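# Coordinates in review
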Amino acid sequence: MENLTLADLKDAVRLLIYLAATILLAALLAPLLYWAAQWLSAHGLFRFLTAFDFETFFHRALLVALLVLLWPLLRSIPVRNWQDLSLERNQRWSRDLLAGFLLAAIPLLCCGAALLALHIFSLRSAVNWLGLTKIIGAAVAVPVIEETFFRGLVLGVLLRSSRKYMSIFITSALFAIVHFLKAPEQTSPIVTWVSGFNSLAHSFRQFANPMLVAAAFMTLFLLGYILADARVRTRSLWLPIGLHAGWIFARGTFQGVAHRELLVLPWLGKNLLVGIVPLAVAGLTWMLMRGWLKYVDVRKT
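Residues numbered from 1 in each chain as written. Predicted model: local features only at pLDDT ≥ 70, side-chain atom pairs only at ≥ 80, totals over all residues. Heavy atoms only, no water.

## Description of the overall build of the protein chain
Broken down by element type, the protein chain carries 10 helices and 2 strands. Shown N-terminal to C-terminal, the secondary structure of the protein chain runs as helices and strands in the order α-α-α-α-β-α-α-α-α-α-β-α. A globule of 301 residues ought to have a C-alpha radius of gyration of about 19 Å, and the protein chain, at 20 Å, matches this closely. Taken along its principal axes, the extent of the C-alpha atoms in the protein chain is 55 × 50 × 40 Å. A buried classification covers 44% of the 301 residues belonging to the protein chain. Within the protein chain, contacts between residues separated by at least 24 positions form 79% of all contacts whose residues are at least 6 apart in sequence. As presented, the protein chain carries roughly 16,400 Å² of accessible surface, and 69% of it is formed by carbon and sulfur atoms. The positive charge centre, built from 27 side chains, and the negative charge centre, built from 14, are 3 Å apart in the protein chain. (Helix = DSSP H or I, 4+ residues; strand = E, 2+ residues; numbered from the N terminus. Rg over C-alpha atoms; globule rule 2.2 N^0.38 Å. Buried < 20%, exposed > 50% of the residue type's maximum accessible area, 1.4 Å probe, protein only. Contact = heavy atoms within 4.5 Å. Areas by Shrake-Rupley, 256 points an atom, 1.4 Å probe, with all protein chains shown as cover. Lys, Arg positive; Asp, Glu negative; His and termini not counted. Charge placed at Lys NZ, Arg CZ, Asp CG, Glu CD.)

## What about the layout of surface pockets?
In this structure, the second largest pocket encloses a volume near 330 Å³. Considering the residues around the second largest pocket, the lining is formed by 14 residues, among which Trp82, Leu87, Glu88, Leu237 and Trp238 are closest to the centre. Looking at the lining of the second largest pocket, the elements that each hand over two or more residues are helix H5 (129–158) and helix H9 (238–257). Residues belonging to the lining of the second largest pocket are distributed by class as follows: 6 nonpolar, 5 polar and 3 charged. (1 Å grid on protein atoms, 1.4 Å probe; cavity = no way out; pocket = protein on both sides within 12 Å on 5 of 7 lines; lining within 4 Å. Points joined across faces, edges and corners; volume = space filled by probe spheres on them. Nonpolar A, V, L, I, M, F, W, Y, C, P; charged D, E, K, R; others polar.)

## So, the packing of H5 against H9
Between H5 and H9, whose axes approach to 8 Å, the crossing angle comes to 150 degrees. Here H9 runs roughly antiparallel to H5, going by the angle between their axes. In the crossing of H5 with H9, the sense of the turn from one axis to the other is right-handed. Note on element contacts: H9 touches H5 through Pro240, Ile241, His244, Ala245, Ile248, Phe249, Gly252, Thr253 and Gly256, opposite Leu132, Ile135, Ile136, Ala138, Ala139, Val142, Pro143, Val144, Glu146, Glu147 and Arg151. Class assignment of the residues belonging to the contact of H5 with H9 gives a composition of 13 nonpolar, 4 polar and 3 charged. (Axes fitted to C-alpha atoms, helices over the stretch in contact; angles between N-to-C directions. Parallel < 35°, antiparallel > 145°, perpendicular 65-115°, else oblique. Left-handed = near helix turned anticlockwise from the far one by under 90°.)

## Focus on the side chain of aspartate 229
With respect to the element layout, aspartate 229 can be found in helix H8 (residues 210–234). Residue aspartate 229 is classed as buried on the basis of its relative accessible area of 6%. In contact with aspartate 229, other than residues within four places in its own chain, are Trp286, Met289 and Arg290.

## Observations regarding a nonpolar patch on the surface
There is a patch of nonpolar side chains on the surface, built from Leu24, Leu28, Leu32, Trp193, Val194 and Phe197 and spanning about 570 Å² of accessible area. With 3 residues, helix H1 (residues 2–42) is the single largest residue contributor to the nonpolar patch. Inspection of the secondary structure assignment puts tryptophan 193 in the loop between helix H6 (164–180) and helix H7 (195–204). (Patch = residues over 30% accessible without salt bridge, like charges linked within 9 Å, V, L, I, M, F, W, Y side chains within 5 Å. Salt bridge = Lys/Arg side-chain N within 4 Å of Asp/Glu carboxyl O.)

## Digging into the pattern of salt bridges
What the rule picks out here adds up to 5 salt bridges. Between glutamate 88 and arginine 235 there is a salt bridge, with its nearest N and O atoms 2.9 Å apart. Here glutamate 88, found in the loop between helix H3 (70–76) and helix H4 (93–117), pairs with arginine 235, found in the loop between H8 and H9; they are 147 residues apart in sequence, far enough to count as distant. Of the charged contacts, one joins aspartate 96 and arginine 95 as a salt bridge, the two residues approaching to 3.1 Å between their closest N and O atoms. Through salt bridges with shared partners, a single ionic network connects Asp229, Arg233 and Arg290.

## Regarding unusual backbone geometry
In this model, histidine 119 sits at a positive phi of 65 degrees, which is unusual for a non-glycine residue. For histidine 119, a relative accessible area of 61% puts it in the exposed group. One non-glycine residue, arginine 235, adopts positive backbone phi at about 50 degrees.

## Examining the packing of aromatic side chains
Considering all chains together, one arrives at 12 aromatic pairs under this definition. Ring geometry for tyrosine 18 versus phenylalanine 149: centroids 5.9 Å apart, planes at 50 degrees, classification tilted. You can see tyrosine 18 sitting in helix H1 and its partner phenylalanine 149 sitting in helix H5, a full 131 residues away along the chain. Grouping residues by exposure puts tyrosine 18 and phenylalanine 149 together as buried. Ring geometry for tryptophan 35 and tryptophan 193: centres 5.1 Å apart, planes at 85 degrees, overall edge-to-face. Remark: tryptophan 193 occurs in the loop between H6 and H7 and tryptophan 35 occurs in helix H1; sequence separation between them is 158 residues. Taking the relative accessible area as the measure of exposure, tryptophan 35 reaches 30% and is therefore partly exposed. Three or more aromatic residues link up through ring pairs in this structure, and these residues are Tyr18, Phe149, Phe150 and Phe175. The ring of phenylalanine 175 carries the charged tip of arginine 151 above its face, separated from the ring centre by 4.4 Å. (Phe/Tyr/Trp six-rings, centres within 6.5 Å; stacked < 30°, edge-to-face > 60°. Lys NZ or Arg CZ within 6 Å of the ring centre and 35° of its normal.)

Structure follows, in structure tokens:
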């Protein structure tokens, strides 16, 4: 048991080193990506890239760094199959995927309808249909990528320690921190080699604002905890993928047809997934998810 604990601790340390190296590599890559985009635009290629500020490229650099360093991580941690990450084949994957989507999207869209009735949001005069198609693409791609990484790999490695709740807590905190690493727009109007580190500094500075932490970070943490709980209870990624897709679809669709009239922090932030009200809606989804899982378990017996 002592050797097993030491092995699990080494895996956790490797995972933390991987995450730290990812952030460092992203800070170094972001200026290169930004300059490459400017060069392409100056030569008449992909001119739309000039519409994005440096912070957008920093976030893309994070994804690139995650993928680049993933192979060395997998080589250092002996993962032979999905069973090593506490995952099993799900014969009812389509049912879990659809249920997760509906359990996340319907309460959030009902919350949006209530906000429209309270005149906190109002309908847009014109709908950006191209933007809505991008939302659908994001609702398909982002959950698969993020759930495979956070709930598949990160949580799977941490669960080897046999400390379920601590593993879920750490994974949820990492999920929230990564999504919270967003500096204000135009943080680096002049891009240099240190602009990525400048963005990191401004991102972590947000933790000094208790209202912002209450409105944004805690919501992200709870969403991550719900997704991890769904993964552990089903030993599968399909239910959390469905939940994640439902949240992205509902938030993006509502933003596409409505715009905010009032900012009422910490109750409600810039979108339907930021603030104390979304926190309560997420809690409702969590209760509905657990109730649904109990229902399907009863039907199995």
